[in-house]
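What follows is each chain in one-letter form.
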Amino acid sequence: MELETKVLSLQIQEAFYNSKETLGTAESCTGGRIAEALIAVPGTSQYFKGGIVSYTNEVKENLLGVSHEVLEEQTAVCEEVAKEMVIGACKTLNVDYAISSTGIAGPTGGTPNIPVGTIWLGYGSKDDVRTFLLTEDYGRDINLAIATNKALHLLIDYLKEKHKQ
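Residue numbers run consecutively from 1 along every chain, following the written order of its sequence. Only residues with pLDDT of at least 70 get local features here, since the model is predicted, and only at 80 or more are side-chain atom pairs given and counted; chain-wide, interface and lining totals rely on the full set of residues. Excluded from the side-chain calculations are hydrogens and water; all other atoms, namely the structure's heavy atoms, are used.

A few words now on the nonpolar core. The nonpolar core is taken to be a set of buried Ala, Val, Leu, Ile, Met, Phe, Trp, Tyr and Cys residues, with the residues joined through side-chain atoms within 4.5 Å. Buried residues are those whose accessible area, probed at 1.4 Å on protein chains only, stays under 20% of the maximum for their type, while exposed residues exceed 50% and partly exposed ones sit between those limits. By size, the foremost hydrophobic cluster in this structure holds 26 residues, and its most contacted members are Ile-12, Phe-16, Leu-23, Leu-152 and Leu-155. Of all the secondary structure elements, the ones that give two or more residues to this core are α1 (3-16), α2 (33-38), β3 (97-103), β4 (119-125) and α6 (140-164). With eight residues, α6 is the largest single contributor of residues to this core. Contacts between residues were defined by any pair of non-hydrogen atoms, one from each residue, lying within 4.5 Å. Once residues lying within four places of it in the same chain are set aside, the contact partners of Leu-155 are Ile-12, Phe-16, Leu-23, Ile-99 and Tyr-123. Val-70, Cys-78, Met-85 and Val-86 belong to the second-largest nonpolar core, a separate cluster that totals 17 residues. Numbering of helices and strands starts at the N terminus; helices are DSSP runs of H or I of at least 4 residues and strands are runs of E of at least 2.

Now the structure itself:
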């Protein structure tokens, strides 16, 4: 695992470690990489409850409660699905916060409307979900590494904002 990812994981640990708050993940295109990054540091079990790899729409619907209509009308690669995945992870895993990812990492699978490299990241709580869109294609491995690190960065910034209040 690259150094930046470990540093980000340590920063998340610092944000959670002395709180009673909990974290989970709901990943599609990243296939568990975000969860893997989180558990790379010892002590993660104090706040990280687990993750759901929801690679298919069936799992998104059945385990995370993602709307069938949204999946049919907008596809799995859209902002609304990223949001619903966060909400579903918070409910299913009984956590305070969650991170989600849904997209097309490549090298194939893109369309003119949703090209390879399109990845929606979701993060937050069931009552305050935020999203971020990645759109560049650097090849599958780099796309997934960028998505993982960006998701961790976004959560860190979100938690800093929340804990200031």
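Let us now look at the UniProt feature "domain: CinA C-terminal" (unreviewed entry) in the protein. UniProt positions are given in the numbering used here, feature names are shortened, and annotations may be inferred rather than shown by experiment. UniProt annotation of "domain: CinA C-terminal" (unreviewed entry) refers to residues 8-158 when read in the numbering used here. Counting secondary structure, residues 8-158 comes out at 42% helix and 21% strand; the distance between its end C-alpha atoms is 13 Å.

What follows is about the environment of Thr-30. Along the chain, Thr-30 falls in the loop between β1 (23-27) and α2. Residues Thr-30 and Asn-143, spaced 113 residues apart in sequence, show a C-alpha to C-alpha distance of 9.1 Å. When sequence neighbours within four positions are dropped, the list of residues in contact with Thr-30 reads Ser-101, Leu-144, Ala-147 and Thr-148. In protein, a polar contact requires one atom able to donate a hydrogen and another able to accept it; more generally it is a pair of N or O atoms within 3.5 Å, and residues adjacent in sequence count only if both atoms are side-chain atoms. At a separation of 2.6 Å, a polar atom in the side chain of Thr-30 contacts the side chain of Glu-27. A polar atom in the side chain of Thr-30 sits 2.5 Å from the side chain of Ser-101.

Here a salt bridge means any side-chain nitrogen of Lys or Arg lying within 4 Å of a carboxyl oxygen belonging to Asp or Glu. According to the stated counting rule, one finds four salt bridges in the structure shown. A salt bridge links Arg-130 to Glu-161, with the nearest nitrogen and oxygen atoms 2.9 Å apart. Of this pair, Arg-130 sits in strand β5 (residues 128-134) while Glu-161 sits in helix α6, and the two are 31 residues apart along the sequence. Residue classification places Arg-130 among the partly exposed positions, given a relative accessible area of 24%. Salt bridges linked by common partners bring Asp-128, Arg-130, Glu-161 and Lys-162 together as one network.

Pairing geometry for β4 and β5, over seven bridges, is antiparallel. The residue bridging Gly-122 from the neighbouring strand is Thr-131, located in β5. In this analysis, strands are considered paired if DSSP registers two or more bridges between them. The turn joining β4 and β5, which pair antiparallel and follow one another in sequence, is formed by two residues.

Another point: the side chain of Ser-101. In this structure, Ser-101 sits in strand β3. Given the relative accessible area of 0%, Ser-101 is considered buried. Once residues within four sequence positions are removed from consideration, Ser-101 is found in contact with Ala-26, Glu-27, Ser-28, Cys-29, Thr-30, Ile-34, Met-85, Trp-120 and Leu-121.

Here the amide bond leading from Gly-106 into Pro-107 is cis, since omega sits at 5°, within 30 degrees of zero. Assignment of secondary structure puts Pro-107 in the loop between β3 and β4. The phi dihedral of Thr-75 is positive, around 75°, even though this residue is not glycine. Along the chain, Thr-75 turns up in the loop between α4 (68-74) and α5 (79-93). A positive phi angle, close to 55°, is found at Asn-94, a residue other than glycine. Here Asn-94 is to be found in the loop between α5 and β3.

Our next topic: the state of the cysteines. For the purposes of this analysis, a disulfide is any pair of cysteine sulfur atoms at a distance within 2.5 Å. Taken as a whole and judged by the stated rule, the model has zero disulfides. Of all cysteine sulfurs, the one in Cys-78 lies closest to Cys-90, which takes part in no disulfide; the gap is 18 Å. You can call Cys-90 buried: its relative accessible area is 4%.

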